[in-house]
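Each chain, letter by letter, is given below.
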Amino acid sequence: MSAHLSEYEPAMERAFARARDWLDTVGDRPIPARRTAAELAATLAGPLPATGSAAPEVVDALADLADPGLMAIGSGRFYGWVMGGTLPAALAADWLVSTWDQNAGMRAATPAVATLEEAAGRWIVALLGLPAGSDVGFVTGATMANVGGLAAGRWAVLDRVGWDVNEKGLTGAPAVRVLVGAERHDTVDVAARYLGLGRPTVVAADDQGRIRPEALAAALAEIPGGTPLIVVLQAGNLHSGAFDPFADVVASAHRAGAWVHVDGAFGLWAGADPAHAYLTAAVAGADSWATDAHKTLNVPYDCGIVVVADRRSLRAAFGVQAAYLLNDSSGPGDPLAFVPELSRRARGVPVWAALRSLGSDGVADLVARLCAHASWLAVALGQLDGIEVLNDVCFTQVCVTAVDDAATMALAARLTAGGVVQVSGSRWRGRAVVRFSLSNWSTDTDDLVRTVDEVRRCLRAD
C-alpha cells in the first residue's frame, strides 16, 4: 500500500460504511428531516475547533450530525418537487468523479472526462431525437440549463440584427422580447433576469397549462418586424405534466424570426420512449433545449443539461479564449465553451454511466415505468372518497384536490407529518392541490399501494 493510499483509505472505508447504512435504510426511514435548520445549527454551525480531528472521525461526525436533517429523497415514496433518485451506476460514477478530481473544462488537459461527456451528450441528443451535431453543456441544474439556452438565443437574435452583444453589451442594444406561456416554470423568468432580458411577455395557456397557439400567434403579430425575439416553450408542465403543441408553435415562432427554447426539465425525456415520444413530436425543430438529469434520468444532483443546435451561438455566449487554457476549438470543442464556468467537476460522467447501465431500451423502459406508475396512482387515488384528480395524466405528474382548499392543505400536512409519503403542496387553477411527481427509478408496486393506503388513512383522520 502506498503512503498516499494509506492517507485516504481509513476515511474512505468509513464513508463507504456510512453510505451503505444510508442506502440500506433510506426506503424505511421517515421521509422528512427530523430536525429543522435552526435546531441543527446548535451542533453543526458552532465555532471551528482549534484542533483538527482524524479523517475517519470527521466522516463519522459528519454522518451522525447530519442524519437528523436529511430528507429521504431516495425513497420510492418520495413524490416531492420532481426530484428523482440515483441509479447505482450513476452513484458509483459520481464517487469516481470526486476521486479522480479532474477539471472538466479542457479537452487537452483532461481528455478522458471530456470525451466521456461528449459521448454522453451524443447519446442524449440521439435518445431525445434532437438535431445531430448539437452542442451539449453540463451545468448545475435546469435553471442554469435555461440560462444556457437563453444566453445562446440572446446572442443569436442580436447577431441577426447586427448587434455584437459580446463586444457592446446590452446598453443601447435593441430590446430582446421574450415570450412565455402563462404556466412556464419560474426558473424561465429567473434565467431571463440573470441575462438582463427583463420580465417576459406572458401568453395565455389552456386548462392543462399548454401555451395556446392562437394566443402566441396573436402576440407575435403585435410585435414590430425585426424585433429580436425569443419564445420559450415547455416539455412537461409542473402540475399537469402537459406538453406544449410544438408542431404548431415552433413553426409560428420561427415565421416571426424568433429563437425557440424548450424548458424540458423532466419532460424532455418523453422522447426516449417510443410510447410517449408523441408528446415531444416536432420539439427537434426548436433551437435550444434544457433538461435535468437528476429528475427523470435519476443521476446525482448537479447535472443540468443544455443542448443547442447552432454551435456558433452557445460557443459565442460562453466561450473563452486564453493562451493558458490550451483551447481546442476544433470538432467537439472544449467543454468550457458550453457552460458559464471554467473550472468544474466532470458532472457529465455520471450521466454517461447511467446511460451505459440502461442502454437505449432501459431508458425507454424507465420512462415508461414512471408514466405507468403515475397513471396507476391517478386511478387509485381518484377512487378514494373526497379526492379529485385535476390533470389529464399524460406523463409523470398527478395533481389531486380534496373537497376544499382547507381539506387539501390538511391532507398535504398529514401526509408529510406521517413520514411515509412525501408530496408537494401547491396551487393550480385557483385551487390548493397535492402534487405527486413520479420520478424515482426505485418506486415499485408496493410503494404505490402503501401510498394509496397512507392517503386513505390521512383522509380518515378528519
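Description of the structure in this document. (Residues numbered from 1 in each chain as written. Predicted model: local features only at pLDDT ≥ 70, side-chain atom pairs only at ≥ 80, totals over all residues. Heavy atoms only, no water.)

## Section: helix 9 (residues 213-221)
Item 1. Ala-215, Leu-216, Ala-219 and Leu-220 are the residues of helix 9 that are buried. For helix 9, the angular spread of the buried residues around the axis is 135 degrees, confining them to a single face.
Item 2. Against strand 2 (177-181), strand 3 (201-203), strand 4 (229-234) and helix 10 (246-255) lie the buried residues of helix 9. (Buried < 20%, exposed > 50% of the residue type's maximum accessible area, 1.4 Å probe, protein only. Helix = DSSP H or I, 4+ residues; strand = E, 2+ residues; numbered from the N terminus. Arc of directions from axis to C-beta. Contact = heavy atoms within 4.5 Å.)

## Looking at the sheet that holds strand 10 (residues 424-428)
Item 1. Pairing within the open sheet is antiparallel, and its four strands lie in the order 8-9-11-10. The open sheet has two edge strands with one neighbour each: strand 8 (388-389) and strand 10.
Item 2. Bridging between strand 8 and strand 9 (residues 397-401) involves two bridges; their strand directions are antiparallel. Bridging across to strand 9, Glu-388 finds its partner in Thr-401.
Item 3. Packed onto the sheet, helix 12 (residues 348-382) meets strand 8, strand 9 and strand 11 (431-437) and runs at close to 15 degrees relative to strand 9. (Pairing = 2+ DSSP bridges. Axes fitted to C-alpha atoms, helices over the stretch in contact; angles between N-to-C directions.)

## So, the nonpolar core
Item 1. Core analysis: the biggest nonpolar cluster contains 54 residues, and Leu-179, Leu-233, Val-262, Val-351 and Phe-395 have the highest contact counts within it.
Item 2. When residues of this core are traced back to their parent elements, those giving at least two are helix 5 (111-127), strand 1 (135-139), helix 9, strand 4, helix 10, strand 5 (259-263), strand 7 (304-308) and helix 12.
Item 3. Examining the composition of this core, we find that six residues originate from one element, helix 12, more than from any other.
Item 4. When near neighbours in sequence (up to four residues on either side) are disregarded, Leu-179 contacts Thr-201, Val-203, Leu-216, Ala-219, Leu-220, Ile-223, Leu-229, Ile-230, Val-231 and Val-232.
Item 5. Membership of the second largest hydrophobic core comes to 33 residues, among which are Val-139, Val-306, Val-308 and Leu-314. (Core = buried A, V, L, I, M, F, W, Y, C linked by side-chain atoms within 4.5 Å.)

## Quick look at helix 13 (residues 405-418)
Item 1. Between the first and last C-alpha of helix 13 there are 20 Å, a value that for 14 residues agrees with the 20 Å anticipated at 1.5 Å per step.
Item 2. For helix 13, the complete set of buried residues consists of Thr-408, Leu-411, Ala-412 and Leu-415. Summarising the axial view, the buried residues of helix 13 lie within an arc of 95 degrees, below the 170-degree limit, and thus occupy one face. Within helix 13, the exposed residues directed more than 90 degrees away from the buried face are Ala-406, Met-409 and Ala-417.
Item 3. The inward-facing, buried residues of helix 13 contact strand 9, strand 11 and helix 14 (445-460).
Item 4. Measuring from the backbone nitrogen of Ala-406 back to the side-chain oxygen at the start of helix 13 gives 3.3 Å, which picks out Asp-404 as the cap. (Expected span 1.5 Å × (residues − 1). Polar contact = N/O pair within 3.5 Å; in protein donor to acceptor, adjacent residues only side chain to side chain.)

## A look at the pairing of strand 2
Item 1. Most of strand 2 is tucked away: four of the five residues are buried.
Item 2. Of the pairings in the sheet, the one linking strand 2 to strand 4 comprises four bridges and is parallel in character. Within strand 4, the position partnered with Val-178 by the bridge is Ile-230.
Item 3. Looking at chain direction, strand 2 and strand 3 are connected through three bridges and run parallel. Within strand 3, the position partnered with Gly-181 by the bridge is Val-203.
Item 4. In this fold, the crossover linking strand 2 to strand 3 by way of helix 8 (residues 186-194) has right-handed handedness. (Right-handed = clockwise from strand over helix to strand, strands pointing away.)

## Some thoughts on the packing of aromatic side chains
A ring pair, where both rings are aromatic, is described by two values, the distance of the centres and the angle of the planes.
Item 1. Enumeration according to the criterion identifies six aromatic pairs in this entry.
Item 2. Centroid distance Phe-78 to Trp-81: 6.1 Å. Interplanar angle 45 degrees. Geometry classified as tilted.
Item 3. Ring geometry for Tyr-79 against Phe-436: centres 5.6 Å apart, planes inclined by 55 degrees, an arrangement best described as tilted. Pair noted here: Tyr-79 is in the loop between helix 3 (55-66) and helix 4 (88-100) and Phe-436 is in strand 11, with a separation of 357 residues, a long-range link.
Item 4. You can call Tyr-79 buried: its relative accessible area is 1%.
Item 5. Judged by its relative accessible area of 1%, Phe-436 falls in the buried class.
Item 6. Taken together, the ring pairs in this structure connect Phe-243, Phe-266 and Phe-395 into an aromatic cluster.
Item 7. If you follow Lys-168 out to its NZ or CZ, it ends over the ring of Trp-163, 4.6 Å from the centre.
Item 8. Positioned over the ring face of Trp-428 is Arg-429, at 5.0 Å from the centre of the ring. (Phe/Tyr/Trp six-rings, centres within 6.5 Å; stacked < 30°, edge-to-face > 60°. Lys NZ or Arg CZ within 6 Å of the ring centre and 35° of its normal.)

## Looking at the packing of helix 12 against helix 14
Item 1. Following both chains from N to C, one finds helix 12 and helix 14 inclined at 30 degrees, their axes separated by 10 Å at the closest point. Between helix 12 and helix 14, the crossing angle belongs to the class labelled roughly parallel. As for the relative orientation of helix 12 and helix 14, their crossing is right-handed in sense. Contacts between helix 12 and helix 14 involve His-373, Trp-376, Leu-377, Ala-380 and Leu-381 on the former and, on the latter, Leu-448, Val-449, Thr-451, Val-452 and Val-455. (Parallel < 35°, antiparallel > 145°, perpendicular 65-115°, else oblique. Left-handed = near helix turned anticlockwise from the far one by under 90°.)

## Quick look at a nonpolar patch on the surface
Item 1. Taken together, the side chains of Leu-5, Tyr-8 and Met-12 present a nonpolar region at the surface, about 290 Å² in accessible area.
Item 2. A relative accessible area of 45% means that Tyr-8 is categorised as partly exposed. (Patch = residues over 30% accessible without salt bridge, like charges linked within 9 Å, V, L, I, M, F, W, Y side chains within 5 Å. Areas by Shrake-Rupley, 256 points an atom, 1.4 Å probe, with all protein chains shown as cover. Salt bridge = Lys/Arg side-chain N within 4 Å of Asp/Glu carboxyl O.)

## Overview of the pattern of salt bridges
Item 1. One pass over the structure, following the stated rule, counts 22 salt bridges.
Item 2. A salt bridge links Arg-345 to Asp-94; its shortest N-O distance comes to 2.9 Å. Of the two residues, Arg-345 sits in the loop between helix 11 (311-318) and helix 12 while Asp-94 sits in helix 4, which places them 251 residues apart along the sequence.
Item 3. On the accessibility criterion, Arg-345 (27% relative accessible area) is partly exposed.
Item 4. The shortest N-O distance in the salt bridge between Asp-453 and Arg-456 comes to 2.8 Å. Residue Asp-453 and its partner Arg-456 are located together in helix 14, separated by three residues, close to a single helical turn.
Item 5. Looking at Asp-453, the relative accessible area reads 38%, which means it is partly exposed.
Item 6. Under the relative-accessibility criterion, Arg-456 is labelled partly exposed at 27%.
Item 7. Sharing partners across several salt bridges, the network here consists of Arg-14, Arg-18, Asp-60 and Asp-64.

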